[in-house]
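Each chain is listed here by its residues.
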There are 2 protein chains.
Amino acid sequence: MNHHDPTLDPARRSWVPSANRRGTDFPIQNLPYGVFRREPSDVGSLGVAIGDRVLDLRVALQDGVMDHLPGAIRDAGAASTLNPLLALGLDAWGALRDAVSTLLTEGAGRGSLPEGWLPSQAEVIPVLPMTIGDYTDFYASIHHATNVGKIFRPDNPLLPNYKYIPIGYHGRASSVVVSGTPVTRPSGQRKGGGEAADDRPTFGPCRLLDYECEVGVVIGPGNRLGEPIPIAQAEDQIFGYCLLNDWSARDIQAWEYQPLGPFLAKSFATTISPWVVTSQALTPFRAALPPRPTGDPAPLPYLSETGHAGGVDLELEVHLLTASMRAEGLVPHRLSRASFLEMYWSPGQMVTHHASNGCNLRPGDLLGSGTVSGPADDARGCLLELTSRGSRPVTLPNAEVRRFLEDGDEVILTGHCHREGFASIGFGECRGRVIG
Amino acid sequence: MNHHDPTLDPARRSWVPSANRRGTDFPIQNLPYGVFRREPSDVGSLGVAIGDRVLDLRVALQDGVMDHLPGAIRDAGAASTLNPLLALGLDAWGALRDAVSTLLTEGAGRGSLPEGWLPSQAEVIPVLPMTIGDYTDFYASIHHATNVGKIFRPDNPLLPNYKYIPIGYHGRASSVVVSGTPVTRPSGQRKGGGEAADDRPTFGPCRLLDYECEVGVVIGPGNRLGEPIPIAQAEDQIFGYCLLNDWSARDIQAWEYQPLGPFLAKSFATTISPWVVTSQALTPFRAALPPRPTGDPAPLPYLSETGHAGGVDLELEVHLLTASMRAEGLVPHRLSRASFLEMYWSPGQMVTHHASNGCNLRPGDLLGSGTVSGPADDARGCLLELTSRGSRPVTLPNAEVRRFLEDGDEVILTGHCHREGFASIGFGECRGRVIG
């Protein structure tokens, strides 16, 4: 952990006024990357969030204010996806961050920028920040795995491999969408509902639609096919993190998932937040994962990160806004809150395990952490857990009741990092509304 | 089935002599597409296999011999991957095939082409024919599912969902490689072998390395997120078919696969053949799948393709060439032979099921059929089945014995279609050699 990184200095202020307001997600110490358009037909531009504004990197680069940077970095900054920047690796990421931080810091850079370089975030259209070659979803919260296991396999909630393997599966890359994209309720095969004999499925709209609050890991340079990534190098592969909602159709999942795992129960949509918070910005918030309970096996040597603070102290919240609440002018209701530090496996362990068979990761690959749940009842990151598969419904402030999601419901994920002596940073929002 | 398609006329001959030789995989009636380079540093060119030659489509298009085609088709033909052509759909595919067939037909086209337009297949370097956005692997042979189920779940070989759902899972796109690419034996967590107590895994090289003989389905235009593909339109989404080897690490798979399915047991490599045989070329070989056994449920209405010949009468063979056999000058030994017609689910049913939840398919997506096995003992498409997980080893002609694959072993898949009154066509080879 580099406490002397000037871009993290809590005394640093921006000349962009909204970046210095208490409670902003995007102070000068954060500087997350995204891609946005000004008009729907535009090519995307890389942007950096600062306060309620976004720095248009392409415009800034074209105007020559960062001409001291090497050409490869300037080219990557002027691209229409994050992928070229992701491919460049740590040193380039650091150099571009330094330049952007200097440009936006009070007293260090220019102190202002021309009209149009800093549009309001509310004015621009966020798009998917990167082209995702492959999306992999892990299952790294032991609290989630245990809670869900109890529902699907009461006799056998946590399988014997869980404490040895960061369990994961390949997800669907084509249906990863950016925050704000409507989510169409999927149809599929499911049982029950009185439409057929109990042992026969019917095809129709999902009845048990759920969200899963996860953290997304955005991969940098990657590795060549056949060449694993040692655990000591895993962190260098992580460009940054976003929020991720792994929408899940529980009735479809229960019927389809054996023996090859979830498929259509997940592939209809996965929503990610528009901003990717960099590993560098998260440096002050790194911490060791909780010690493993007595009796649990130590990670096998290839996954052992002894002495490394592999976790991220990131507090996640899930909020729900129903159609009625929206009509009544109510604010979203918080359903749960959990810490990303409460995981059983760290992001670095996920990276190293993923490549341990020689599987090649590529710039822009996305890893989901799996639902982030904590040990407390109000730290359950999906409705399946929170309502015990509908048996303990949630009552909302306007007296509505939810077992699973209904059409018109909007799910909003947020994430924040706080630590004494450092500027607090946030992830913005990951929103999605269910449509019928 | 169009019996009057002139490109399928069995009397049609090419002026390329090797295309008329008995036993060629690539007569004028086939015309499969691939992508090749002349030098490793070249940009790929689309090619069409004809006899032992390959027509360089970019060179032919640049020279103006197909100027009657619309610009979009000419642009797609001059691209460096199949993706732009895949996006154009049926009419464009038919128009380009007509033009290529005419160009190469004896007495119809030019009767010769300039030096360099038709390099020998042996001279060029095949590359992956398309950029694969997502790769999905199905499990559509009930013979394979039953044989494997007996090994992993003796009490419960075929799960109750199998006869309702074309079971599939998301695969890894990054590690799909073209025929001829060496396959590095993966390492991973597996149990047994005397290295640890029986209930504890160790990390090391896979001991039970296997192939799976499959057919790959290459997707055309695709669908928009949220908009399913009706079964009557599923065939229009299939540009063509290739051979696919779903390399599998059985020891890693057995330990990791619950509850989320296969992951690192598969993601180290998937090999596909360089040539994509078009749906149009396969028209004469379409046939209905075998009738479902009495008592099996009919497919649910969204998957019902009554009256449509959903299957493909394609005979697949698996051959093995060990390092010793190679040194002794022996030819590859055939391990098994099975028909792709013996599937429980058709390619069209896989496409429609995949999109039934609104999941978007994109041009270049790849679907694997799952291991193609038939009811006979010598029709088992992987070693797991063929040797009953090693308990019935295979003896090779030079007296070597195989339970699973050893370093230096090369697996060669082939596929052929025959039908009285039509020209026989083949798929070329899908080869991969295991390296330690």
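Since this is a predicted model, take the numbers as computed values, not measurements.

Enquirer: Tell me about the environment of phenylalanine 152 of chain A, and please be specific about residues and values.
Expert: Residues and elements named next belong to chain A. Summarising the element assignment, phenylalanine 152 is placed in helix H5 (residues 142-152). Of the residues examined, phenylalanine 152 reaches a relative accessible area of 22% and is grouped as partly exposed. A sequence separation of 24 residues divides phenylalanine 152 from leucine 128, and the C-alpha atoms of the two residues are 33 Å apart. Excluding residues that lie within four positions of it along the chain, phenylalanine 152 makes contacts with Ala254, Tyr257 and Leu384.

Enquirer: Break down helix H8 (residues 347-355) of chain B for me, citing the residues and quoting the values.
Expert: Most of H8 of chain B is tucked away: 9 of the 9 residues are buried. Where H8 of chain B is concerned, the buried positions are Pro347, Gly348, Gln349, Met350, Val351, Thr352, His353, His354 and Ala355 of chain B. Residues of H8 of chain B that are buried make contact with strand E9 (187-190) of chain A together with strand E5 (135-138), strand E12 (213-219), strand E13 (238-245) and strand E21 (366-368) of chain B.

Enquirer: Before we move on, can you summarise the pairing of strand E3 (residues 53-56) of chain B with the specific residues and values?
Expert: Taken together, the 4 bridges between strand E2 (residues 45-50) of chain B and E3 of chain B define a ladder with antiparallel strand orientation. The partner of glycine 47 of chain B across the bridge, within E3 of chain B, is aspartate 56 of chain B.

Enquirer: So what about the pattern of salt bridges? Which residues, and what values?
Expert: Residue and element names in this part refer to chain B. Enumeration over the complete set of coordinates arrives at 46 salt bridges over all chains. A salt bridge links arginine 250 to aspartate 210; the nearest nitrogen and oxygen atoms lie 2.9 Å apart. Here arginine 250, found in helix H6 (residues 250-256), pairs with aspartate 210, found in strand E11 (residues 209-210); they are 40 residues apart in sequence, far enough to count as distant. Each member of the pair arginine 250 and aspartate 210 is classed as buried.

Enquirer: Residue-level account of the packing of aromatic side chains, with values.
Expert: If you walk through the whole model with that rule in mind, you get 18 aromatic pairs over all chains. Their ring planes at 90 degrees and their centres at 5.9 Å tell us that phenylalanine 138 of chain A and phenylalanine 263 of chain B sit as a pair that is edge-to-face. Taken as a pair, phenylalanine 138 of chain A in strand E5 (residues 135-138) and phenylalanine 263 of chain B in the loop between H6 and strand E15 (270-272) lie in two separate chains rather than in one. Of the two residues examined, phenylalanine 138 of chain A and phenylalanine 263 of chain B, each falls in the buried class. A centroid spacing of 5.7 Å and a plane angle of 50 degrees characterise the contact between tyrosine 33 of chain B and phenylalanine 239 of chain B, whose relative ring orientation is tilted.

Enquirer: Explain the sheet that holds strand E24 (residues 410-417) of chain A to me, using residue names and the numbers behind them.
Expert: Residue and element names in this part refer to chain A. Taken together, 5 strands build an open sheet; the order of strands is E8-E25-E24-E19-E20 and the sheet is mixed. In this open sheet, the two strands that pair with only one neighbour each are strand E8 (183-184) and strand E20 (333-339). Two strands pair when backbone bridges link them, and strand E19 (residues 315-321) and E24 are joined in this way by 7 bridges, in the antiparallel orientation. Considered in E24, the bridge of leucine 320 is made with valine 411.

Enquirer: If you had to explain the relation of the copies chain B and chain A to someone new, which residues and values would you point to?
Expert: Here chain B sits on chain A after a turn of 180 degrees about the axis and a move of 0.0 Å along it, with an RMSD of 0.0 Å. The relationship between the two copies is best expressed as a two-fold rotation axis. Nearest to the rotation axis, the C-alpha of glycine 261 of chain B is located 2.1 Å from it, this being the minimum over chain B. Here 98% of the interface residues in chain B have copies in chain A that are interface residues too; the copies meet face to matching face.

Enquirer: I'd like a rundown of the environment of valine 215 of chain A, residues and numbers included.
Expert: Residues and elements named next belong to chain A. If you trace the backbone, valine 215 turns up in strand E12 (residues 213-219). A C-alpha to C-alpha distance of 7.8 Å links valine 215 and phenylalanine 340, two positions 125 residues apart in sequence. Discounting residues that sit within four places of it in the chain, valine 215 has contacts with Tyr241, Cys242, Leu244, Leu314, Leu316, Phe340, Leu367, Gly368, Ser369 and Val372.

Enquirer: I'd love a proper account of the pairing of E19 of chain A, names of residues and values included.
Expert: Residues and elements named next belong to chain A. With 6 of 7 residues buried, E19 lies mostly within the body of the structure. Direction of pairing for E19 relative to E20: antiparallel, over a ladder of 6 bridges. Bridged to histidine 319 within E20 is arginine 334.

Parameters at a glance
Residues numbered from 1 in each chain as written. Chains lettered and ligands numbered in written order. Predicted model: local features only at pLDDT ≥ 70, side-chain atom pairs only at ≥ 80, totals over all residues. Heavy atoms only, no water. Helix = DSSP H or I, 4+ residues; strand = E, 2+ residues; numbered from the N terminus. Buried < 20%, exposed > 50% of the residue type's maximum accessible area, 1.4 Å probe, protein only. Contact = heavy atoms within 4.5 Å. Pairing = 2+ DSSP bridges. Salt bridge = Lys/Arg side-chain N within 4 Å of Asp/Glu carboxyl O. Phe/Tyr/Trp six-rings, centres within 6.5 Å; stacked < 30°, edge-to-face > 60°. Least-squares fit on C-alpha atoms with pLDDT ≥ 70 in both.

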